[in-house]
Amino acid sequence: MDVANNPPDGMIFHWAGEVDGKWTITDVWESRSDYDRFRDERLFPAIQQVSGMDPAAGPQPTVTEFAVHDFVKP
């Protein structure tokens, strides 16, 4: 998906790695609609291309949303 060289509209921050034995992804988006557009237009099509599965039909990841009141990047 090359988000590093072609970041999706609205993505502010992306981190992925193992936490306590589980794969974890933390993203900060301008809005939920920006994330939803990325999921529908880039993420799900990429998963389907690689796996041949329809990601919308399978188990969905746990998504936890938090309001961000301040973000500082020095």
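Cut-offs used in this document
- Residues numbered from 1 in each chain as written.
- Predicted model: local features only at pLDDT ≥ 70, side-chain atom pairs only at ≥ 80, totals over all residues.
- Heavy atoms only, no water.
- Salt bridge = Lys/Arg side-chain N within 4 Å of Asp/Glu carboxyl O.
- Helix = DSSP H or I, 4+ residues; strand = E, 2+ residues; numbered from the N terminus.
- Buried < 20%, exposed > 50% of the residue type's maximum accessible area, 1.4 Å probe, protein only.
- Phe/Tyr/Trp six-rings, centres within 6.5 Å; stacked < 30°, edge-to-face > 60°.

(A) The pattern of salt bridges, seen in detail. Per the counting criterion, the structure on display carries five salt bridges. Of the charged contacts, one joins Asp36 and Arg39 as a salt bridge, the two residues approaching to 3.3 Å between their closest N and O atoms. Placement of both Asp36 and Arg39 in helix α1 (residues 32-51) is noted, with a separation of three residues, approximately one turn of the helix. Among the ionic pairs, Asp40 bridges to Arg39, the shortest N-O distance being 2.9 Å. Note on Asp40: relative accessible area 45%, which makes it partly exposed.

(B) Structural view of unusual backbone geometry. Its identity as a non-glycine residue notwithstanding, Asp2 has a phi of 55°, on the positive side. Inspection of the secondary structure assignment puts Asp2 in the segment before β1 (11-19). A residue is classified by how much of its surface remains accessible, and Asp2, at 44% relative accessible area, is partly exposed. Residue Asp20 is not a glycine yet carries a positive backbone phi of 50°. Topologically, Asp20 is positioned in the loop between β1 and β2 (22-29). Judged by its relative accessible area of 79%, Asp20 falls in the exposed class.

(C) Representation of the packing of aromatic side chains within the structure. Counted according to the given criterion, the structure contains two aromatic pairs. Centroid distance Trp29 to Tyr35: 5.8 Å. Interplanar angle 65°. Geometry classified as edge-to-face. What makes Trp29 buried here is its relative accessible area of 14%. Between Trp29 and Phe38, the aromatic rings sit 5.3 Å apart at their centres with planes inclined by 35°, giving tilted as the arrangement. According to the relative accessible area criterion, Phe38 is buried, its value standing at 7%. Pairwise contacts between aromatic rings join Trp29, Tyr35 and Phe38 into one cluster.

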